[in-house]
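# Understanding the architecture of this molecule
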Protein chains: 2
Amino acid sequence: MAGPTLRDVARRANVSIRTVSNVVNGYAPVSDELRARVQVVLDELGYRPNLIARNLRQGRTGMIALVVPELDVPYFAELAREVITAARVHGYVVMVDQTDGDADHERALLGRDSRATMFDGLLLSPLTITAEELRQRGNRVPIVLLGEHIFNGSFHHVAIDNVAAAHDATAHLLDLGRRRVAAIGDQPYATGETAQLRTIGYRRAHARRGLPVDEELVVPTANFHRRLGAAAMDRLLALPEPPDAVFCYNDLLALGALRALTRAGVRVPDDVAVVGVDGVEEGQYSTPSLTTVAPDKAEIARAAVGTLLSAIDGTATSAAEIVIPHRLIVRESTAGEV
Amino acid sequence: MAGPTLRDVARRANVSIRTVSNVVNGYAPVSDELRARVQVVLDELGYRPNLIARNLRQGRTGMIALVVPELDVPYFAELAREVITAARVHGYVVMVDQTDGDADHERALLGRDSRATMFDGLLLSPLTITAEELRQRGNRVPIVLLGEHIFNGSFHHVAIDNVAAAHDATAHLLDLGRRRVAAIGDQPYATGETAQLRTIGYRRAHARRGLPVDEELVVPTANFHRRLGAAAMDRLLALPEPPDAVFCYNDLLALGALRALTRAGVRVPDDVAVVGVDGVEEGQYSTPSLTTVAPDKAEIARAAVGTLLSAIDGTATSAAEIVIPHRLIVRESTAGEV
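Analysis parameters
Residues numbered from 1 in each chain as written. Chains lettered and ligands numbered in written order. Predicted model: local features only at pLDDT ≥ 70, side-chain atom pairs only at ≥ 80, totals over all residues. Heavy atoms only, no water. Buried < 20%, exposed > 50% of the residue type's maximum accessible area, 1.4 Å probe, protein only. Helix = DSSP H or I, 4+ residues; strand = E, 2+ residues; numbered from the N terminus. Pairing = 2+ DSSP bridges. Domains from an automatic or database assignment. Lys, Arg positive; Asp, Glu negative; His and termini not counted. Salt bridge = Lys/Arg side-chain N within 4 Å of Asp/Glu carboxyl O. Polar contact = N/O pair within 3.5 Å; in protein donor to acceptor, adjacent residues only side chain to side chain. Contact = heavy atoms within 4.5 Å. Core = buried A, V, L, I, M, F, W, Y, C linked by side-chain atoms within 4.5 Å. Expected span 1.5 Å × (residues − 1). Axes fitted to C-alpha atoms, helices over the stretch in contact; angles between N-to-C directions. Parallel < 35°, antiparallel > 145°, perpendicular 65-115°, else oblique. Left-handed = near helix turned anticlockwise from the far one by under 90°. Nonpolar A, V, L, I, M, F, W, Y, C, P; charged D, E, K, R; others polar. Phe/Tyr/Trp six-rings, centres within 6.5 Å; stacked < 30°, edge-to-face > 60°.

## Side note on the pairing of strand β8 (residues 245–248) of chain B
Residues and elements named next belong to chain B. Taking every second residue as pointing to the same face, both faces of β8 are buried, with Ala-245 and Phe-247 on one and Val-246 and Cys-248 on the other. Of the strand pairs in this sheet, strand β6 (residues 181–186) and β8 are connected by four bridges, and their pairing is parallel. Residue pairing for β8: Ala-183 is matched across the bridge by Phe-247. Note that β8 and strand β9 (residues 273–277) share three bridges and pair parallel.

Next up, the structure:
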């Protein structure tokens, strides 16, 4: 059902198309009498004079899209808020798209006639797209990539140093004197590499202290949700020699692990200390509150939006590789203090 | 910076505009030689052949917008997932817009040239827009309203029965024998009425049992976030006669209250029982786990998307008023059982 056209309105109002266009677009003044006559017909026909047409002329929509795997993962929800705030400063509106890490959904952004072309630019946190697919994409919508994924510097990219973040979390546990530090969240076969980088950081913290990693303590999970954190923790607690600390690859896994520990009557941090990654608000309110390695989400957002707007303006030429700081926030789950 | 036009491409490739259009839009076959020549220029100029133009012709975008106050409020993030799932069944993509309850941001959706016109329809969870503003809106993009707000049945509307939900939560506490049941989250002066309806339900549960409400126990909060839940709980604990139970108007307030209780060394549910509303996943993993009144979010999403698509097709005529079921989920924060 295509909407009525300017021509339809003009015919019905018995005026010229130019007059209708002037009423709709405001290019030239129109007498009150004519304006009223046109307005009645616009309303009758439900004409939707539209941004689509205007943007076609201007080549801009004033909107950017933030594309993330899962909005109900608090890290992405909190990042979305920061991106929306950062974009608003520049007069841009952000619409958020959830891919569920689905390959088809992600690839649909790359096509020539993709809905991506509705936007002036994309901030994309990819899970499955390869660098090759990105390079060969059919549209020219500017893209800034967020988070970890192998892209060899061919695209604008904003992320934290995941190896260092994982190292810092693990080092914190080892420096507390823990000697059986487990890792929950490895994804040895995933396309994305966040998990793999975090495993490297976990191993590096051990190696630097001349400590061995007990491979039994490295537990892979299919995703980074609370439920799998709890399941992995249950599995670790069932070992003949359970861990005395756990580095979880994100806060949701850690919050699931905390729940499993509480349910099993294990004291945190006395018996098992727990660290997550992401710095989500939920970890401030959990019992015990959660020690975490927190990326500077506001800075990720500012850098990503700034880079994208430069790319839209054509002022960003070579691919920007921006590394955002993170910091360890020590709370009850490792420190025993409020 | 308007993008290159078909004319620019045609001139540079030394072919007719029709040929370029045929390459871009596929209306008619083009020889391989011509196609290649045009493609080179399309690439050189960074032409973005686009959905915008196509949608202008078809009057459809295949996209609907979900407009919510805050994405980092888990209820909305979880609802977004359900809406995305429900829309996908119908081949629709959902983009999510966060308003922060900002009046200007909400009103911008109502204008004649609003970005709302980029979408085939809107699912809108309004905080400040009035029924009058909605009625007089300048565009004709179909809208379905979500959640509570006074609209007098003039618009498609999907919500739970908030009075009943609050009644059920409060009744659960009273039926456990609690006699000083506090309420956290009243908003007597808010434009939206979710909080006001929940206060009515809280009072009704008392009235039906012939029990008085101690007004000192009804604590207003400016928003529904964890921090204010904790602050309100601290205030209640400082009363000469603290409550023995708390009904929080959403789960985030309740999770904040739980944290304040734990910090104060108050036993839950032994000394104070706690109930929230929303059924967010976080409440399954908190310690203690959270009793909650959970709306059927998947059903809200299905009903909202179905109604919106009918409105887009023009098959939904009179305003639909759809009430979605909710249920009480009893967990440790009231039952003392895992």
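## A look at the domain arrangement of chain A
Assigned domains within chain A: domain 1 (6–49), domain 2 (63–159 + 297–326) and domain 3 (162–294 + 328–335). For domain 1 of chain A and domain 3 of chain A, the distance between their C-alpha centres works out to 64 Å.

## Describing the side chain of A:Arg198
All names here are of chain A. Considering the arrangement of structural elements, one finds Arg-198 in helix α9 (residues 194–208). Buried charge without a partner: Arg-198 forms no salt bridge, and the closest opposite charge is Asp-278, 4.5 Å away. Among the polar contacts listed, one links the side chain of Arg-198 to the side chain of Asn-162, at a separation of 2.7 Å. Setting aside anything within four residues of it in sequence, one finds Arg-198 in contact with Ile-160, Asn-162, Ala-166, Phe-224, Phe-247, Tyr-249, Asn-250 and Val-277.

## Brief notes about the nonpolar core
Formed by 153 residues in total, the largest nonpolar core has its most connected members in A:Leu123 and B:Leu123. Apart from residues no more than four positions distant in its own chain, A:Leu123 is found in contact with A:Ile64, A:Ala65, A:Leu66, A:Val67, A:Val83, A:Val144, A:Leu146, A:Ala304, A:Val305 and A:Leu308.

## Considering helix α5 (residues 74–89) of chain A
Residue and element names in this part refer to chain A. With 16 residues, α5 should cover 22 Å at 1.5 Å per step; its first-to-last C-alpha distance of 23 Å lies within 8% of that length. Within α5, twelve of the 16 residues are buried, leaving the element largely enclosed by the surrounding structure. All of the buried residues in α5 are Pro-74, Tyr-75, Phe-76, Ala-77, Glu-78, Leu-79, Ala-80, Arg-81, Val-83, Ile-84, Ala-86 and Ala-87. Within two residues after α5, Gly-91 carries a phi angle of roughly 75°, on the positive side.

## Digging into the environment of A:Leu173
All names here are of chain A. Here Leu-173 lies in helix α8 (residues 162–175). Spatially, the C-alpha atoms of Leu-173 and Val-246 are 8.1 Å apart, while their sequence positions differ by 73 residues. For Leu-173, the residues in contact, after removing those within four places along its chain, are Arg-178, Val-181, Ala-245, Val-246, Phe-247, Ala-273, Val-275 and Thr-334.

## Overview of the packing of helix α5 (residues 74–89) of chain B against helix α13 (residues 297–313) of chain B
Residues and elements named next belong to chain B. Running from N to C, α5 and α13 cross one another at 50°; their axes reach a closest spacing of 8 Å. Taken together, the axis directions place α5 and α13 in an arrangement best described as oblique. The interaxial crossing formed by α5 with α13 has right-handed handedness. Packed against α5, whose contacting residues are Tyr-75, Glu-78, Leu-79, Glu-82, Val-83, Ala-86 and Ala-87, the element α13 presents Lys-297, Ala-298, Ile-300, Ala-301, Arg-302 and Val-305 at the interface. For the contact of α5 with α13, the class distribution of residues is nine nonpolar, no polar and four charged.

## Some points on the pairing of strand β3 (residues 121–124) of chain B
Moving residue by residue along a regular strand, the side chains alternate between the two faces of the sheet. Residue and element names in this part refer to chain B. Residues of β3 alternate between two faces, with Gly-121 and Leu-123 on one and Leu-122 and Leu-124 on the opposite face, all of them buried. Across three bridges, the pairing between β3 and strand β4 (residues 143–146) is parallel. Paired with Leu-124 across the two strands is Leu-145, which belongs to β4.

## What about the packing of aromatic side chains?
Under the counting rule described, the total for this entry stands at six aromatic pairs over all chains. Ring geometry for A:Phe224 versus A:Tyr249: centroids 6.5 Å apart, planes at 90°, classification edge-to-face. Here A:Tyr249 lies in the loop between β8 (245–248) and α11 (251–263) and A:Phe224 lies in the loop between β7 (218–220) and α10 (226–237), a separation of 25 residues in the sequence. Accessibility classification places A:Phe224 together with A:Tyr249 in one group, the buried group. Residues B:Phe247 and B:Tyr249 carry aromatic rings whose centres are separated by 5.1 Å and whose planes lie at 35° to one another, so their mutual orientation is tilted. As far as burial versus exposure is concerned, B:Phe247 and B:Tyr249 are alike and both buried. Every member of this aromatic cluster is reached through a ring pair, and the members are A:Phe224, A:Phe247 and A:Tyr249.

## Comments concerning the pattern of salt bridges
Tallying each qualifying case throughout the model produces 42 salt bridges over all chains. Note that B:Asp72 and A:Arg81 form a salt bridge whose closest N and O atoms lie 2.6 Å from each other. Of this pair, B:Asp72 sits in the loop between β1 (63–68) and α5 while A:Arg81 sits in helix α5, which puts the two residues in different chains. Note on B:Asp72: relative accessible area 22%, which makes it partly exposed. A relative accessible area of 19% places A:Arg81 in the buried class.

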